[in-house]
Amino acid sequence: MSDPAPVRIASPRLSAEVSLVGAQLQRLQDEDGRDLLWDGDPAFWTGRAPILFPVIGCVNGDHIRVDGREYPMAKHGFARHHPFTVVDQAPDAVTFRLEADEGTRESYPFEFRLDLTFAIDGAALAVDALLHNPNDRPLPASLGFHPALRWPLPYGGDRALHRVRFETDELAPIRRIGADQLVRPQPEPTPVVGDLLDVADGLFEDDALIFDRLSSRHVTFGAPGTRAVRVSFPFMPWLGIWTKPGAPFLCIEPWQGIADPEGYAGEFRDKPGVVEVAPGDARRFGVRIDTDAGTF
């Protein structure tokens, strides 16, 4: 059986299509029909903009530990492959919901409700995630966004000329993933010069750049003299930037969380980047993609 048709929302300046499977953004087009989002070509990567929940990256031994018991957990969690339901819809906005069920409890023994709202405001798409804890014990979780933008963008400028500009200078070291897909213990010097990252394939031979001491809460992507795209993430403390060398996309990934550190064997609630939602409470996460952020 084929997947259900994606849900389309639009304004005069922007349109988006979102799949019910994973509540994953499938298409993002500007006012002239130009594609800004990667198309999932399996020659490089089948993803487009997966939602990472309840983990980001890999966990040690492919298991999380809750109250001393191990539970199997796949890379980036289960939300990206799980069907969501539509609970609210308008011409320019839609809300999807994922709730705990028998399948999720096998790897994540918690009750939860995750609402994802996609809303278009002019030339911008806001994605708002609200994680509810209906249970009587704290709910530990990580959540991240993984949008893959076209590289180069459809606004002119050679691929080799594209840059990422941070909101402010980013001088702190970065983190890297090792061969086991876990975070290496030693930080590395940042490739950012001032506030500017010269994106090049060689940067990603060791997987993503991980900014876990980030000052900026938005970045701008584009080529000098051309229309730029801005990704804002006021509630997200960390950022990953990733591609496969040679691929025509760049992922700008706001995160609340990170892969396990090498050798980590502690409780899931204690791992770096995991937050706890109090019983009966909720926590908000979000990203905004402004497809007309002026000239780079």
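Quick caveat, the model's predicted, so the values are computed rather than measured.

Overview of the pattern of salt bridges
Counted by the stated rule, this structure contains 25 salt bridges. A salt bridge links R34 to D30; the shortest N-O distance between them is 2.7 Å. By relative accessible area, which is 5% here, D30 ends up buried. Put simply, R288 and D121 hold a salt bridge, and the shortest N to O gap is 3.6 Å. Of this pair, R288 sits in strand β22 (residues 282-290) while D121 sits in strand β9 (residues 113-121), and the two are 167 residues apart along the sequence.

Regarding the sheet that holds strand β3 (residues 25-30)
Strand order in the open sheet formed by three strands is β1-β2-β3, with antiparallel pairing between adjacent strands. Of all strands in the sheet, those with a lone pairing partner are β1 (7-10) and β3, marking the two edges. Taking each pair of neighbouring strands and ignoring which way they run, the sheet shows an average axis angle of 15°. Where β1 meets strand β2 (residues 14-18), four bridges bridge the pair, whose relative direction is antiparallel. Its bridge partner being in β2, I9 is matched across the sheet by A16.

Overview of the sheet that holds strand β8 (residues 93-99)
Spatially, the nine strands line up as an open sheet ordered β7-β8-β9-β10-β22-β18-β17-β14-β15, and their pairing is antiparallel. Each edge of the open sheet carries a strand with a single partner, namely β7 (85-90) and β15 (196-198). Along the sheet, successive strands turn relative to each other by an average axial angle of 15°, direction set aside. Here four bridges tie strand β14 (residues 163-166) to strand β17 (residues 218-222), and the two strands are oriented antiparallel to one another.

Quick notes on the environment of L139
Here L139 shows up in strand β11 (residues 139-141). In contact with L139, other than residues within four places in its own chain, are Y108, F110, E111, F112, L131, H132, N133, V275, E276 and V277.

Remarks on the environment of V183
The residue V183 is located in the loop between β14 and β15 in this model. Under the relative-accessibility criterion, V183 is labelled buried at 5%. In the structure, V183 is positioned 78 residues away from P261 in sequence and 4.5 Å away in space, judged by C-alpha atoms. Beyond its immediate stretch of four places on either side in the chain, V183 contacts R175, R176, I177, I258, A259, D260, P261 and E262.

Observations regarding unusual backbone geometry
Residue P54 is reached from F53 by a cis peptide bond, and omega for that bond is 0°. With respect to the element layout, P54 can be found in the loop between β4 (51-52) and β5 (63-66). Looking along the chain, the bond that leaves W151 and enters P152 is cis, with omega of 15°. Its location among the elements puts P152 in the loop between β13 (148-150) and β14. Phi angles above zero are rare outside glycine, and A23 is one such case at about 45°. With respect to the helices and strands, A23 occurs in the loop between β2 and β3. A relative accessible area of 0% places A23 in the buried class. Phi is positive for D67, which is not a glycine, with a value near 55°.

About the cut-offs
- Residues numbered from 1 in each chain as written.
- Predicted model: local features only at pLDDT ≥ 70, side-chain atom pairs only at ≥ 80, totals over all residues.
- Heavy atoms only, no water.
- Salt bridge = Lys/Arg side-chain N within 4 Å of Asp/Glu carboxyl O.
- Buried < 20%, exposed > 50% of the residue type's maximum accessible area, 1.4 Å probe, protein only.
- Helix = DSSP H or I, 4+ residues; strand = E, 2+ residues; numbered from the N terminus.
- Pairing = 2+ DSSP bridges.
- Axes fitted to C-alpha atoms, helices over the stretch in contact; angles between N-to-C directions.
- Contact = heavy atoms within 4.5 Å.

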